[in-house]
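Residues per chain are reported as follows:
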Amino acid sequence: QMRNFEEAMLATDGVLQRDPDSEAALLVRAQAAIGANDAAAALTAAEHLVALQPDDPGYKSLQAGSLMSLGKVDEAEKILLAIEGVPWANDPSGVGKTCLVLANFYGRFRTDPERAAAKVAECLARYPDDPALPPIAADSYDQIGRPELATALMRQALEEAPDDLSLRQVLAKRMLAQ
């Protein structure tokens, strides 16, 4: 699988030689670099994207993720705090997802599971009408070692939307895994 990521990075070289500001090629390159565990290359592409679109929270989130992988935690946190609450042009769930990225950051990089759990709860309270958030928030709870909160959240989400098959599937997988 690593080879596929490296091949994707190489494929972007030709496009970027012709058009160094191709957002599509830079985005593919950054994502492929992350998959290939090449955080430096991911950061280079993400910073180029941010230079092209300085107000795009998705590109800034990609930049923050690359910085985290390089151990530049304080820089990443500043970016995440700056983009919290900023609407995403192409993803109506982007604002809530960014909130959860910050929660995951607190759990993983600040090793503060209580702060992370409080942030997940805050994100869910802030964006209660976003149906994409509960499964992502459940993953966040799992990452900080709180699977009971994840399962309770998914049960509550399914009670609120009993016909949502994707929620039903996520909860069923959780129950089977326990």
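Computed from a predicted structure; not experimentally measured.

## Some details on helix α7 (residues 113-126)
Point 1. The end-to-end C-alpha distance of α7, which contains 14 residues, comes to 20 Å, matching closely the 20 Å that a straight helix rising 1.5 Å per residue would cover.
Point 2. Among all positions of α7, only Ala116, Ala117, Lys119, Val120, Cys123 and Leu124 are buried. Buried residues along α7 cover an arc of 160° about the axis, so they all sit on one side. Along α7, exposed side chains directed more than 90 degrees from the buried face belong to Glu114 and Ala125.

## Regarding the pattern of salt bridges
Point 1. Counting across every chain of the model gives 11 salt bridges.
Point 2. Salt-bridge contacts for Glu84 lead to Arg126; the nearest nitrogen and oxygen are separated by 3.3 Å. Taken together, the positions of Glu84 in the loop between α5 (73-83) and α6 (94-108) and Arg126 in helix α7 put the pair 42 residues apart, joining distant regions of the chain.
Point 3. On the accessibility criterion, Glu84 (19% relative accessible area) is buried.
Point 4. Linking Arg126 and Glu122 is a salt bridge whose minimum nitrogen-to-oxygen distance equals 3.1 Å. A residue pair is termed a helical-turn pair when its members lie 3 or 4 positions apart in one helix, as Arg126 and Glu122 do in helix α7 at 4 residues.
Point 5. With relative accessibility at 31%, the residue Glu122 sits in the partly exposed group.

## Section: helix α8 (residues 133-143)
Point 1. Among the residues of α8, those classed as buried are Leu133, Pro134, Ala137, Ala138, Ser140 and Tyr141. Down the axis of α8, the buried side of the element spans an arc of 160°, and every buried residue falls inside it.
Point 2. Looking one or two residues beyond α8, the residue adopting positive phi is Gly145, at roughly 75°.

## Re the confidence of the model for the protein chain
Point 1. Mean pLDDT over the protein chain works out to 92, with 99% of the residues at or above the 70 mark.
Point 2. The spread of mean pLDDT over the elements of the protein chain runs between helix α10 (residues 165-177), the lowest at 86, and helix α3 (residues 39-52), the highest at 97.

## Looking at the nonpolar core
Point 1. Counting residues in each nonpolar core, the largest one holds 34 residues, and the members touching the most others are Leu80, Phe105, Val120, Leu124 and Tyr141.
Point 2. Within the residue set of this core, elements represented by two or more residues are α4 (57-69), α5, α6, α7, α8, α9 (147-160) and α10.
Point 3. Counting residues per element, this core draws most heavily on α6, at 7 residues.
Point 4. Those residues in contact with Val120, other than ones at most four positions away along the chain, are Leu100, Ala103, Ala137, Ser140 and Tyr141.
Point 5. Judged by nonpolar contacts, the second largest core, of 10 residues, contains Ala45, Ala46, Leu49 and Leu62.

Rules used in this analysis
Residues numbered from 1 in each chain as written. Predicted model: local features only at pLDDT ≥ 70, side-chain atom pairs only at ≥ 80, totals over all residues. Heavy atoms only, no water. Helix = DSSP H or I, 4+ residues; strand = E, 2+ residues; numbered from the N terminus. Expected span 1.5 Å × (residues − 1). Buried < 20%, exposed > 50% of the residue type's maximum accessible area, 1.4 Å probe, protein only. Arc of directions from axis to C-beta. Salt bridge = Lys/Arg side-chain N within 4 Å of Asp/Glu carboxyl O. pLDDT = per-residue confidence, 0-100. Core = buried A, V, L, I, M, F, W, Y, C linked by side-chain atoms within 4.5 Å. Contact = heavy atoms within 4.5 Å.

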